[in-house]
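If you want the building blocks of each chain, they are given just below.
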Amino acid sequence: MSMDFTAATLHLLNFLAPALCLPLLLWPMARLAFGRPAGAPRWWVQWGVQAAVGAAVLLAGLWVFGRDGKMLTYAALVLAGASCQWLLQRGWRR
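First, a word on scope: everything that follows refers to the structure included in this document.

About the cut-offs
Residues numbered from 1 in each chain as written. Predicted model: local features only at pLDDT ≥ 70, side-chain atom pairs only at ≥ 80, totals over all residues. Heavy atoms only, no water. Helix = DSSP H or I, 4+ residues; strand = E, 2+ residues; numbered from the N terminus. Buried < 20%, exposed > 50% of the residue type's maximum accessible area, 1.4 Å probe, protein only. Contact = heavy atoms within 4.5 Å. Areas by Shrake-Rupley, 256 points an atom, 1.4 Å probe, with all protein chains shown as cover. Axes fitted to C-alpha atoms, helices over the stretch in contact; angles between N-to-C directions. Parallel < 35°, antiparallel > 145°, perpendicular 65-115°, else oblique. Left-handed = near helix turned anticlockwise from the far one by under 90°. Nonpolar A, V, L, I, M, F, W, Y, C, P; charged D, E, K, R; others polar.

1. Notes on the overall build of the protein
Here is step 1 of the chain: Counting its regular elements, the protein contains three helices and zero strands.
Here is step 2 of the chain: Taking the principal axes of the C-alpha coordinates as reference, the protein spans close to 55 × 25 × 15 Å.
Here is step 3 of the chain: Buried residues in the protein amount to 24% of all 94 residues.
Here is step 4 of the chain: Partitioning the intrachain contacts of the protein with sequence separation of at least 6 by distance along the chain shows that 71% fall at a separation of at least 24.
Here is step 5 of the chain: Summed over all atoms, the accessible surface of the protein reaches about 6500 Å², with 72% contributed by carbon and sulfur.

2. Points about the packing of helix α2 (residues 43-65) against helix α3 (residues 71-88)
Here is step 1 of the chain: With their axes 9 Å apart at the nearest point, α2 and α3 run at an angle of 155 degrees to one another. Classified by the angle their axes make, α2 and α3 are roughly antiparallel. Both α2 and α3 take part in a crossing whose hand is right-handed. Judged by residue contacts, Gln46, Val49, Gln50, Val53, Gly54, Val57, Leu58, Gly61 and Phe65 of α2 engage Leu72, Thr73, Tyr74, Ala76, Leu77, Ala80, Gly81, Cys84, Gln85 and Leu88 from α3.
Here is step 2 of the chain: Among the residues forming the contact of α2 with α3, the class breakdown is twelve nonpolar, seven polar and no charged.

Any functional reading would require information beyond the geometric quantities listed.
Shown next, in the form of structure tokens:
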């Protein structure tokens, strides 16, 4: 039995939901902690970069473990998202 287009789209969105939502939580917290450093990209650019990095981490976790939803993958997602936010906010200049 195969999935129709709607079911496949919902399945993909549910798989990518953590990678798409984590940047929406990280950006305001980084803004409160660091302010807006000179040269930092706009919020939607940060969201796009972090969403791409997060999707890559989730796909790597799926490839390594053979299934999604492993806690180690989610831990790697948080670590990669926080590191990416630090780089985007130019955290090394503080």
